[in-house]
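Listed here are the chains, written in short residue letters.
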Amino acid sequence: MRGAGHPERDGSASVDLSALGGPGSQLRRDVVTGQPSPAALAAARSGAWVARRGRASWRAEPRSIVVTVVAGALAVAGFVVSLAVGDYPIPVAHVVDALLGRPVPGRSGYVVEEIRLPRGLVAMTSGAALALSGGIFQRVARNPLASPDIVGITAGASTAAVAVIVLWAGSSAAVAAGALVGGATTALVIYLAAYRQGVTGYRLILVGIAVGAVLTSVTSYLLVSADLYTVQRASAWLAGGLAGAGWDDVPVLVGATAVLGAAALLLSRQLRLLELDDELAATLGVRVEPARAAVLLVAVALAAIATSVVGPITFVALVAPQIARRLVRERALALVASAAVGGVLVVAADLVARRAFAPTELPAGIVTGVLGAPYLLVLLWRANRVGATG
Amino acid sequence: MSTGGRSPTVLATDRARLLGLVGALALLGLAAGASVLVGTVTVRPGDVWHAYRGWTGTDTDLVVVHLRVPRTITGLLVGVALGLAGTVIQGATRNPLADPSILGISAGAALGSVTGITVFGVTSLGGYVWFAFAGAALAGIAVHVLASAGRIGATPVKLALSGAAVSVFLGSVTAGAGIIDVDLHDRFRFWSVGSLGLADREVTTQLAPFVVAGVVLAVVSGRSLDALALGEDVARSLGQRVALARTVAATSVVLLAGAATAAVGPVAFVGLTAPHAARILVGPGHRWVLPWAAVLAAVLVLGADVVGRVVVQPRELQVGLVTAAFGAPWFVALVRRRRLAQL
């Protein structure tokens, strides 16, 4: 078997999983019980590239790399296009010039640098952050439907943000901070409520749904109790969009996503093992609860930070990892591919939102909601069908 | 449906259950009385008598006749409707976590109502309630079909997830419509969480016939639900026509939950908690669970409404918010208690 190495003999926890026929994440599994079929487990994996250095090993699928590169290229292309189109159209050549720092005629330089460039960066980064978050949730919960939107984290961020707007008439920075705190607190509450000698996948989801329902009601109450102007401001935030994205948003978002993304990649081994089965993971040397808590922390932080900057952009966290998974197929964790796909999705959604009903600008969250949801339903149908026979 | 075998039913004989039901009805009477009397405008029992017997058109008379009493009656109807709908759903899907709002039916009814009001310009409840039914039916069908895909069929978790996903989808469509039509958004925000404050006499009189029809269907399906609880195969061997039973059950749910949601907006968790409380008290037989759940749900709705009116005076917490605040911890406790893989 290509790529099969030797398992560590010193009793440490780093076992080369290719000996098992590959890690569990790509296996078809039952949606409820999370068990991969024996056939899938035994299926040989081929083509994996494994890099080793001392005790550390890294594996990557060629297909995953290809998908990531293509998605990344698409994201960049979309990014450049989004810089060119708009109410003030700019030829692509000028866009490239402006990006490279060469002098550009007219106001193009200003438009590109001050308005569209930060917006594009925010779009790509928030998409990547949301997709990463969703990918981690789906693996921890062993369910393709788990995502911060459905499990109540986004609802928590939304309620806090609306509360800041309605109760304290907060500034944008205060709203963003509120959303962050709200998302994190909600995640903590859900985790604690679902904790019973550990947090199993479906308990987490179900508790999340209940908590999300309560938070949505609170948000509705806040919207009812405010005057029309405040309501419009809150509703604009709730729709989720990139309209106000500027340079002050970029450093925090990009920095946090980079750090948390790196953390996710470092934890990818634990993530892979957590996705198999709790008992199996424990036998393989993973301390299950701490690993799960750490991984969920990263996922929640990613979702909360992205939501605090761009508002609740629904379905990206749910759909992007699934798209990446389908493209990469027999793949590795596909976290990086998910992030790239997420970036493409948000950039494209923002483009559509800006231009579809020009000159009216829709919020990007509505576009992802309306377009993403039917796809979600198809995914759900397929996942339920395939999962049972896997 | 198994109660887990942990605690025996509290009321074990038919006589006890009947007496208990009378007691529960008395409690309902108290709740209704509180609903009429409590609020920012002080109303005394004498004022109610005055409004109906010696009408002189004072402010209190108006409040009683046009606000309090319709509100109370609507709360009663909505409670009964949701309690029965929840019981029937839980029985028909053998899912203890079922509730019209969790399974997306409320969101479907909401979107249907919004469509009726905006696209077709129908503004009276008697008109757009039919759109609500259509929305509720379609959403329920979609959730059930989605969750049933696969060999295992519709487990509680899959149903809950499908319901949540469909609710989010329908919610974002409704929100999108609200963005495009700002006027709709302003009207709709008062309705996006269930509120009895919107109930006036017109709503009450138009709601009643649908609830009555739904109640009749629910009662009729009671016996078949007992059989279905034993499993499809056993039910068939007992002579039960499973498909017919399910259709009757589904129709009653759509009527009850759809009409209730069209009238006052989505009220969450009532359909979940009332049947469970009823089963704890009188056991799993639907002959008793149905009336008990109806009464308990009505008490819950009226009680939540009164609490909502009192807690943040002079403003008001909508009934949907209060029921969510009480219902969610119950739901969480349920999830923690049961071993769901077996259901």
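Take the overall build of chain A next. Looking only at helices and strands, chain A features 15 helices and two strands. Looking at chain A as a whole, 58% of its 390 residues qualify as buried. Expressed as a percentage of contacts within chain A between residues at least 6 apart in sequence, the contacts between residues at least 24 apart total 73%. Carbon and sulfur atoms form 66% of the exposed surface of chain A, whose accessible area is close to 15,900 Å².

Between chain A and chain B, the contact holds 46 residues from the first and 47 residues from the second. Buried area between chain A and chain B, both sides added, is near 4,000 Å², and the carbon and sulfur share of it is 76%. Between the two partners, chain A and chain B, sit zero salt bridges. Inspection of the region where chain A meets chain B yields two residue pairs in polar contact (both at pLDDT 80 or more). Looking at the side of chain A that touches chain B, the elements with two or more residues in it are helix 6 (172-194), helix 7 (201-224), helix 8 (228-239) and helix 15 (364-389) of chain A. Ranked by residue count, the leading element in the side of chain A that touches chain B is helix 7 of chain A, at 15 residues. In terms of residue class, the side of chain A that touches chain B is built from 34 nonpolar, eight polar and four charged.

Residue and element names in this part refer to chain A. Together, Val92, Val96, Leu99 and Leu100 line one region of the surface with nonpolar side chains, adding up to about 330 Å² of accessible area. By the element assignment, Leu99 lies in helix 3 (residues 92-100). Taking relative accessible area as the criterion, Leu99 reaches 37% and is therefore assigned partly exposed.

All right, on to the pattern of salt bridges then. All names here are of chain B. What the rule picks out here adds up to seven salt bridges over all chains. Where Arg287 meets Asp14, a salt bridge forms, and the shortest distance between an N and an O atom there is 3.4 Å. Within this pair, whereas Arg287 is found in helix 13 (residues 286-311), its partner Asp14 is found in helix 1 (residues 14-37), the two being separated by 273 residues in sequence. What emerges from the salt-bridge pattern is a single network uniting Arg71, Asp305, Arg309 and Glu316.

Below, the discussion takes up the nonpolar core. Residues Ile136 and Val207 of chain A together with Leu125, Leu207, Phe269, Trp292 and Phe331 of chain B are the most contacted members of the largest nonpolar core, which totals 165 residues. Excluding residues within four positions of it along the chain, Val207 of chain A makes contact with Ile190, Ala193 and Ala194 of chain A together with Val332 and Val335 of chain B. Counting 15 residues, the second-largest nonpolar core is a separate cluster that includes Ala163, Leu223, Ala226 and Val231 of chain A.

Quick look at helix 12 (residues 270-282) of chain B now. Residue and element names in this part refer to chain B. Compared with the 18 Å implied by 1.5 Å per residue over 13 residues, the 18 Å span of helix 12 between its first and last C-alpha is a close match. Burial runs high along helix 12: ten of the 13 residues are buried. Buried residues of helix 12: Val270, Gly271, Leu272, Thr273, Ala274, Pro275, His276, Ala278, Arg279 and Val282, and no others. Residues of helix 12 that are buried make contact with helix 1, helix 3 (59-93), helix 13 and helix 14 (319-337). Following helix 12 by one or two positions, Gly283 has its phi on the positive side, about 85°.

Right, let's talk about the side chain of Thr204 of chain B for a bit. Residues and elements named next belong to chain B. By the secondary structure assignment, Thr204 is in helix 8 (residues 201-220). A distance of 2.9 Å separates the side chain of Thr204 from the side chain of Thr74, its partner in a polar contact. Those residues in contact with Thr204 that lie beyond four places of it in its chain are Pro70, Ile73, Thr74 and Leu77.

Time to look at the packing of aromatic side chains. Residue and element names in this part refer to chain B. All chains considered together, the criterion is met by six aromatic pairs over all chains. With a centroid separation of 5.2 Å and 80° between ring planes, the pair formed by Trp130 and Phe210 is classed as edge-to-face. Separated by 80 residues along the polypeptide, Trp130 in helix 5 (residues 125-148) and Phe210 in helix 8 bring together distant segments of the chain. Ring centres of Phe269 and Phe331 lie 6.1 Å apart, and the angle between their planes is 55°; on these two criteria the pair is classed as tilted.

Residues other than glycine seldom take positive phi values, yet Phe315 of chain A does so here, at roughly 75°. Relative to the helices and strands, Phe315 of chain A is located in the loop between helix 12 (288-310) and helix 13 (316-328). The class for Phe315 of chain A is buried, based on a relative accessible area of 3%. Backbone geometry places Phe269 of chain B, a non-glycine residue, at a positive phi of 75°.

Another point: the confidence of the model for chain A. Residues and elements named next belong to chain A. Summing up the model confidence of chain A, the mean pLDDT is 76 and the portion of residues at 70 or higher is 78%. At the low end of the mean pLDDT range in chain A sits helix 1 (residues 38-42), at 50; at the high end sits helix 5 (residues 153-168), at 90. Low confidence marks residues 1-26, where pLDDT is under 50. Its contacts with residues over four positions away, or in another chain, come to 53 contacts. Predicted confidence is poor over residues 42-46, with pLDDT under 50, and the contacts of this stretch with residues over four places away or in other chains come to eleven contacts.

Bringing the packing of helix 1 of chain B against helix 13 of chain B into the picture now. Residue and element names in this part refer to chain B. The geometry of helix 1 relative to helix 13 is characterised by a closest axis approach of 9 Å and an angle of 25° between their N-to-C directions. What the angle tells us is that helix 1 and helix 13 run roughly parallel. You can see that helix 1 and helix 13 cross each other, and the crossing is left-handed. Among the residues forming the contact of helix 1 with helix 13, the class breakdown is 17 nonpolar, two polar and five charged.

Residues and elements named next belong to chain A. Their axes nearest at 9 Å, the elements helix 5 and helix 8 cross at an angle of 155°. By the angle between their directions, the pair helix 5 and helix 8 is classed as roughly antiparallel. In terms of crossing hand, the pair formed by helix 5 and helix 8 is right-handed. Facing Ala157, Ser158, Ala161, Val162, Ile165 and Val166 of helix 5, the residues of helix 8 in contact are Thr230, Arg233, Ala234, Trp237 and Leu238. Its residues assigned to classes, the contact of helix 5 with helix 8 comprises eight nonpolar, two polar and one charged.

Conventions used here
Residues numbered from 1 in each chain as written. Chains lettered and ligands numbered in written order. Predicted model: local features only at pLDDT ≥ 70, side-chain atom pairs only at ≥ 80, totals over all residues. Heavy atoms only, no water. Helix = DSSP H or I, 4+ residues; strand = E, 2+ residues; numbered from the N terminus. Buried < 20%, exposed > 50% of the residue type's maximum accessible area, 1.4 Å probe, protein only. Contact = heavy atoms within 4.5 Å. Areas by Shrake-Rupley, 256 points an atom, 1.4 Å probe, with all protein chains shown as cover. Buried area = accessible area lost by both parts, 1.4 Å probe. Salt bridge = Lys/Arg side-chain N within 4 Å of Asp/Glu carboxyl O. Polar contact = N/O pair within 3.5 Å; in protein donor to acceptor, adjacent residues only side chain to side chain. Nonpolar A, V, L, I, M, F, W, Y, C, P; charged D, E, K, R; others polar. Patch = residues over 30% accessible without salt bridge, like charges linked within 9 Å, V, L, I, M, F, W, Y side chains within 5 Å. Core = buried A, V, L, I, M, F, W, Y, C linked by side-chain atoms within 4.5 Å. Expected span 1.5 Å × (residues − 1). Phe/Tyr/Trp six-rings, centres within 6.5 Å; stacked < 30°, edge-to-face > 60°. pLDDT = per-residue confidence, 0-100. Axes fitted to C-alpha atoms, helices over the stretch in contact; angles between N-to-C directions. Parallel < 35°, antiparallel > 145°, perpendicular 65-115°, else oblique. Left-handed = near helix turned anticlockwise from the far one by under 90°.

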